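# Commentary on secondary and tertiary structure
Here's the letter readout for the chains.
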Amino acid sequence: YRDGLMIALLIHRPWRRGNFASLSIGTTFVMLDGTAVLAIAPANSKTKRRIESEFPDDLYAPLCRYLKIYRPILMTQSVNAQRNTGPKSIEALWVSRDGTKLHEESIKGAIERRTRHAFGKHIPQHWFRDAVVTSLIQDAPASARLASGVLGHSDVRITEKHYNQAQIIHSVRRHADVIAAYLHTDGAA
């Protein structure tokens, strides 16, 4: 359940690995009036700018279920619980099977394992960031500049330089269409 929620959240909020792993209840992850807010201080972001966004509305009910049912189950597996001292209290949003903070590499592994199982090939966490730009450029080219804000880039040129696969995909498809049209004309060799 936790892994599915992480993947669903990355589809909506494709944060960098470190920021995603650092989400902590009460500081970088806060529940407010029927919603949740994700926020990273400038000192902890790559661009040294504050990153803030609301938790996606369509994931709020699954988030509440995770917090109410699944996270507490994971927390009871902590080393302290096994020693009959009660579960250890940690603030990390993402908790491992042993009730400790789920670190970047473990999140990466979980995402790759679950996507490999679902699709036959793993999807690296960073590809969620690529997908945002590709989707915006393909679906709404006039809105493509929004991707910089979604990804937390300080400059649109960073987005254009590193994430413009959509233009390549579009060009390859157009080229294939031209070749197919040429081959299907009466004068084709």
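Residues numbered from 1 in each chain as written. Predicted model: local features only at pLDDT ≥ 70, side-chain atom pairs only at ≥ 80, totals over all residues. Heavy atoms only, no water.

### Observations concerning the overall build of the chain
Within the chain one finds 9 helices and 3 strands. Relative to its full complement of 189 residues, the chain shows a buried share of 36%. Within the chain, counting contacts between residues at least 6 apart in sequence, those at least 24 apart form 54% of the total. Per element, the accessible surface of the chain, about 11400 Å² overall, is 56% carbon and sulfur. (Helix = DSSP H or I, 4+ residues; strand = E, 2+ residues; numbered from the N terminus. Buried < 20%, exposed > 50% of the residue type's maximum accessible area, 1.4 Å probe, protein only. Contact = heavy atoms within 4.5 Å. Areas by Shrake-Rupley, 256 points an atom, 1.4 Å probe, with all protein chains shown as cover.)

### Structural notes on the environment of Ser106
Structurally, Ser106 is set in helix α5 (residues 104-119). Using a relative accessible area of 36% as the deciding quantity, one classes Ser106 as partly exposed. Put simply, Ser106 and Ala21 are 85 residues apart on the chain and 9.3 Å apart in space, counted from C-alpha to C-alpha.

### Here we look at the side chain of Thr28
If you trace the backbone, Thr28 turns up in the loop between α2 (17-21) and β1 (29-32). The class of Thr28 is buried, set by a relative accessible area of 14%. A polar contact is formed between the side chain of Thr28 and the backbone oxygen of Ser22, at a distance of 3.4 Å. Here the side chain of Thr28 touches Ser24 through a polar contact of 2.6 Å, landing on its backbone nitrogen. (Polar contact = N/O pair within 3.5 Å; in protein donor to acceptor, adjacent residues only side chain to side chain.)

### Notes on the layout of surface pockets
Roughly 160 Å³ of internal volume is contained in the second largest pocket. Around the second largest pocket sit Tyr1, Arg2, Asp3, Tyr70, Ile73, Leu74, Arg97 and Arg114, which together line it. Elements with a contribution of two residues or more to the lining of the second largest pocket: α1 (2-12) and α3 (60-75). It is α3 that provides the largest number of residues to the lining of the second largest pocket, a total of 3 residues. A breakdown of the residues in the lining of the second largest pocket according to their chemical character gives 4 nonpolar, no polar and 4 charged. (1 Å grid on protein atoms, 1.4 Å probe; cavity = no way out; pocket = protein on both sides within 12 Å on 5 of 7 lines; lining within 4 Å. Points joined across faces, edges and corners; volume = space filled by probe spheres on them. Nonpolar A, V, L, I, M, F, W, Y, C, P; charged D, E, K, R; others polar.)

### Examining the sheet that holds strand β2 (residues 35-40)
Reading across the sheet, the 3 strands line up as β1-β2-β3 and stay open at both edges, with antiparallel pairing between neighbours. Strands at the two margins of the open sheet, each flanked by one partner only, are β1 and β3 (51-54). Each neighbouring strand pair of the sheet contributes to a mean axis angle of 20°, computed without reference to strand direction. In this sheet, β2 lies alongside β1 in antiparallel orientation, the contact comprising 4 bridges. The residue bridging Met31 from the neighbouring strand is Ala36, located in β2. Sitting on the sheet, α3 touches β1 and β2, and the angle it makes with β1 is about 110°. (Pairing = 2+ DSSP bridges. Axes fitted to C-alpha atoms, helices over the stretch in contact; angles between N-to-C directions.)

### Considering the nonpolar core
Core analysis: the biggest nonpolar cluster contains 31 residues, and Phe20, Phe55, Trp94 and Ile107 have the highest contact counts within it. At the level of elements, α1, α2, β2, α3 and α5 are the ones that each hand at least two residues to this core. If one sorts the elements of this core by residue count, α1 sits on top with 6 residues. With sequence-adjacent residues up to four places away left out, Trp94 is seen in contact with Arg2, Leu5, Met6, Leu9, Phe20, Leu23, Tyr66, Thr100, Lys101, Leu102 and Ile107. (Core = buried A, V, L, I, M, F, W, Y, C linked by side-chain atoms within 4.5 Å.)

### Things to note about the packing of aromatic side chains
The final tally for this structure, using the stated rule, is 4 aromatic pairs. Judged by centre distance (5.7 Å) and plane angle (45°), the ring pair of Tyr66 and Trp94 falls under tilted. With Tyr66 in helix α3 and Trp94 in the loop between α4 (79-82) and α5, this residue pair connects regions lying 28 residues apart in the sequence. This pair shows no difference in class: Tyr66 is buried, exactly as Trp94 is. Through successive ring pairs, a cluster of aromatic residues spans Phe20, Tyr66 and Trp94. (Phe/Tyr/Trp six-rings, centres within 6.5 Å; stacked < 30°, edge-to-face > 60°.)

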